[in-house]
Amino acid sequence: MGSRRRRVCAGLLIAVLLLAGIAVFYREIRQPEAPVERFDHLALDKAGRSSDAAASSHAAAPSALPPISISRHLIAFPRLDLASQFLRRWLVSGENLCGALREAGIEVSEWKAASMRNRNYECYFQRIDERDEVRPLSSTFLRVRGNEIGDILEVRAKIVGPKTDAEGRLASAALRIFEIIVKQACWRDFEDTLVSIQRLRDVEDERFGAYLSFTREAGSENSFNFALGLRAASDPQVRTKTYFSTDRWLTSTNPVSDRIDTSTSANCAHRAAAP
């Protein structure tokens, strides 16, 4: 009886040991599989991230180049009103200047050809207040000279025996002529010469491609000559004229130049007519 019990116990022990061995065996087999799976997952994740990064860098590659911006002056029509700040030019036509003088009560003639065979255009005004048997003692003469397309070439005037006020300053009626001419030209840097003209003092000024002179005539204490016009353009002005030339720009469907010239002339006329 005792020997049989021992055999049963030994058999149970062997079975337990066998089961334990099988369990250990299976555990040893399954353990190396986990790192492989984790490695596979990591490899796949890394490959996915690499492909995403490559795709992102490929998509972002064009943005690495600096953006191209086109300056407005390459496509916008040049503002001709600004050209007068760099290139001296008349901003009023001969016809409009003559009209402004007439509106101010100065009876200048119409802007027309000087003669049948002459392509020069002009308007003029002449008034003789007093004269002797030989020459005028008090008179005013004015001529605006230009060409057939209306460009002004020069403005000249002569005053003999000008009327003055109690302080010896030029009478307002005569001064008005010079005020209109200078302000119609829209050359503000010449406006300060009006003070010298009013005081009947000689002034000769040449500024940036234009000249103005008001001088006492040689040999006469009571005669004064006035002139305003353009000088030959300097090299910088020639380059500026080339830049603002409409030949270098595409034609616009609504040309800006006509609108600017019209508005500029209107503004100049308004300034000249203002008291």
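These numbers come from a predicted model, not from an experiment.

Observations regarding the state of the cysteines
Okay, step 1: Under the defined criterion, the tally for this structure stands at 1 disulfide.
Okay, step 2: The residue that forms a disulfide with Cys98 is Cys123, at a sulfur-sulfur distance of 1.9 Å. Its S-S torsion of approximately -85° makes the covalent link between Cys98 and Cys123 left-handed. Remark: Cys123 occurs in strand S2 (residues 118-131) and Cys98 occurs in helix H4 (residues 94-103); sequence separation between them is 25 residues. Both residues of the pair, Cys98 and Cys123, count as buried.

Things to note about the confidence of the model for the chain
Okay, step 1: Of the residues in the chain, 59% have a pLDDT of 70 or more, and the chain-wide mean is 75.
Okay, step 2: Predicted confidence is poor over residues 254-265, with pLDDT under 50, and the contacts of this stretch with residues over four places away or in other chains come to 13 contacts.
Okay, step 3: When the criterion is pLDDT under 50, residues 268-275 qualifies, and its contacts beyond four places in sequence or with other chains add up to 12 contacts.

Overview of the packing of H4 against helix H5 (residues 172-185)
Okay, step 1: Contact geometry of H4 with H5 gives a least axis separation of 10 Å together with a crossing angle of 145°. As H4 runs across H5, the sense of the crossing is right-handed. Here H4 contributes Asn96, Leu97, Ala100 and Leu101 to the contact with H5, which in turn contributes Ile177, Ile180, Ile181 and Gln184.
Okay, step 2: Among the residues forming the contact of H4 with H5, the class breakdown is 6 nonpolar, 2 polar and no charged.

A closer look at H4
Okay, step 1: Of the positions making up H4, those classed as buried are Gly94, Leu97, Cys98, Gly99, Ala100 and Leu101.
Okay, step 2: On its buried face, H4 sits against S2, strand S3 (136-146), strand S4 (152-160) and H5.
Okay, step 3: Looking one or two places after H4, you find Gly105, whose phi comes out positive at around 95°.

Cut-offs and rules
Residues numbered from 1 in each chain as written. Predicted model: local features only at pLDDT ≥ 70, side-chain atom pairs only at ≥ 80, totals over all residues. Heavy atoms only, no water. Disulfide = S-S within 2.5 Å. Helix = DSSP H or I, 4+ residues; strand = E, 2+ residues; numbered from the N terminus. Buried < 20%, exposed > 50% of the residue type's maximum accessible area, 1.4 Å probe, protein only. pLDDT = per-residue confidence, 0-100. Contact = heavy atoms within 4.5 Å. Axes fitted to C-alpha atoms, helices over the stretch in contact; angles between N-to-C directions. Left-handed = near helix turned anticlockwise from the far one by under 90°. Nonpolar A, V, L, I, M, F, W, Y, C, P; charged D, E, K, R; others polar.

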